[in-house]
Amino acid sequence: MPLKDVLQALAIVLIWGVNFVVIKYGVADVPPLLLGALRFMLAAFPAVLLVRRPSLPWGWVLAYGLCVGFGQFAFLFSAIKLGMPAGLASVVLQSQAFFTLILAGLLLHERWQAAQILGLLCACAGLALIGLAKGGSMTAIGFGLTLAAAVCWASSNIIVRLMGKAGHTVQPLNLVVWSSLVPPLPYLAMSWWLEGPARMELALRHFSLGSFLAVAYLAFMATLLGYGMWSRLLSRHPANKVAPFSLLVPVVGVLTSALLLGERLSLLQAAGSVLLLAGLVVNVFGGMVLARWRRGTVAHGA
């Protein structure tokens, strides 16, 4: 990859890693479901006037928007509000890769490779350590909601694969922008029901500059700019060269949470995080390493 594209990938990693700290600041003053509604309203308008509608049936756009826009972030925002440390959330959310693997096997009948199974077992051990860890500010409900967010993200990955199997060409940025039209109404309905009109009115009446900057960052930086640059990289380079950069997002998430929020992981949480990230590395690179080893063995034998 040219240096400018590497720098662009690292900029995306920074944007998405800092995103978790911004969420923490955002939910401090705005109820999480209302925050989600504001994020996607700002991400959708005026972007839908500038970005062409994806060449997909509306059913696919609706399904994707409900899974990744509403499901993932409704659970994630609520998790961070209810006691999930921002840095640890950035790590646990990466379990979406393994939920995707499981769902693909169950629903799409995709066969698992040895490296994927090893990575899955490693990640499960890491999640178990994080879940069982004592100390720090993590709550059980926060941990559980973060896992639910990861399942929703994984479900959106399966939806994208189904789009491809149905013969549709997926334009990532176009899909992200237009699917942002889907979440605001479910967010507002759930916020009215669970958070209550009084809390919604109070948050909007005392909407601060800090809250506006948090919403703006989530909408413009994390959603539109981040996915826009990511889509550009995927259009210029093979996915196996671009995707590994995403492994750095939880690293940035943990570091920025420690620097800006003073969060610290317990020993078990740190060990679990290392195991989970190691499982991701095995899942991403294990197949290539095993294939090269087999080719080398064959060549040596010949």
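Scroll up a little and you will see the structure.
The structure contained in this document is the topic of the report that follows. Just so it is clear, the structure is predicted and the values come from calculations on it, not from any experiment. (Residues numbered from 1 in each chain as written. Predicted model: local features only at pLDDT ≥ 70, side-chain atom pairs only at ≥ 80, totals over all residues. Heavy atoms only, no water.)

## Comments concerning the overall build of the chain
- The number of helices and strands found in the chain is 15 helices and zero strands.
- Taken along its principal axes, the extent of the C-alpha atoms in the chain is 75 × 50 × 40 Å.
- Among the 302 residues that make up the chain, the fraction classed as buried is 49%.
- Of the contacts made within the chain by residues no fewer than 6 positions apart, 89% connect residues no fewer than 24 positions apart.
- As displayed, the chain offers around 14,600 Å² of accessible surface, 72% of which is attributable to carbon and sulfur atoms.
- Charge separation in the chain, taken as the distance between the mean sites of 19 positive and 6 negative side-chain charges, equals 14 Å. (Helix = DSSP H or I, 4+ residues; strand = E, 2+ residues; numbered from the N terminus. Buried < 20%, exposed > 50% of the residue type's maximum accessible area, 1.4 Å probe, protein only. Contact = heavy atoms within 4.5 Å. Areas by Shrake-Rupley, 256 points an atom, 1.4 Å probe, with all protein chains shown as cover. Lys, Arg positive; Asp, Glu negative; His and termini not counted. Charge placed at Lys NZ, Arg CZ, Asp CG, Glu CD.)

## Some details on a nonpolar patch on the surface
- Taken together, L3, L7, L10, L248, V251 and L255 make up a surface patch of nonpolar side chains, about 540 Å² in accessible area.
- Residue assignment for the nonpolar patch shows that the elements contributing at least two residues are α1 (3–29) and α14 (249–261).
- Of the residues forming the nonpolar patch, the biggest block, three residues, is contributed by α1.
- By the element assignment, L7 lies in helix α1.
- Assessed through its relative accessible area of 49%, L7 is described here as partly exposed. (Patch = residues over 30% accessible without salt bridge, like charges linked within 9 Å, V, L, I, M, F, W, Y side chains within 5 Å. Salt bridge = Lys/Arg side-chain N within 4 Å of Asp/Glu carboxyl O.)

## Digging into the packing of helix α10 (residues 184–195) against helix α11 (residues 197–205)
- Relative to each other, α10 and α11 sit at 110 degrees, their axes nearing to 6 Å. Taken together, the axes of α10 and α11 lie roughly perpendicular to each other. Contacts between α10 and α11 involve L188, S191, W192 and E195 from the former and P197, R199 and M200 from the latter.
- For the contact of α10 with α11, the class distribution of residues is four nonpolar, one polar and two charged. (Axes fitted to C-alpha atoms, helices over the stretch in contact; angles between N-to-C directions. Parallel < 35°, antiparallel > 145°, perpendicular 65-115°, else oblique. Nonpolar A, V, L, I, M, F, W, Y, C, P; charged D, E, K, R; others polar.)

## What to know about helix α2 (residues 32–44)
- Relative to the 18 Å expected for 13 residues at 1.5 Å per residue, α2 spans 18 Å between its end C-alpha atoms, a close match to the ideal helical length.
- Extensive coverage of α2 is indicated by the burial of eleven of its 13 residues.
- Within α2 the residues assigned to the buried category are P32, L33, L34, L35, G36, A37, L38, R39, F40, A43 and A44. (Expected span 1.5 Å × (residues − 1).)

## Comments concerning the side chain of Q94
- Position of Q94 among the secondary structure elements: in the loop between α5 (86–92) and α6 (96–107).
- Once residues within four sequence positions are removed from consideration, Q94 is found in contact with W153, P250 and L280.

## Focus: the pattern of salt bridges
- Counted according to the given criterion, the structure contains four salt bridges.
- For R232, the salt bridge goes to D5, with nearest N and O atoms at 3.2 Å. You can see R232 sitting in helix α12 (residues 209–236) and its partner D5 sitting in helix α1, a full 227 residues away along the chain.
- Here E110 makes a salt bridge to R161, at a shortest N to O gap of 2.7 Å. You can see E110 sitting in the loop between α6 and α7 (114–132) and its partner R161 sitting in helix α8 (residues 140–165), a full 51 residues away along the chain.
- The exposure class of R161 is partly exposed, given its relative accessible area of 36%.
- Salt bridges sharing partners connect three or more residues here, namely D5, R232 and R236.

## A look at the nonpolar core
- Counting residues in each nonpolar core, the largest one holds 62 residues, and the members touching the most others are L76, M84, V92, F143 and Y187.
- Sorting elements by how many residues they give to this core places α1 first, with ten residues.
- In this structure F143 touches M84, V92, L127, I130, G131 and M138, once residues within four positions along its chain are discounted.
- L56, C67, I159 and V176 belong to the second largest nonpolar core, which has nine residues in total. (Core = buried A, V, L, I, M, F, W, Y, C linked by side-chain atoms within 4.5 Å.)

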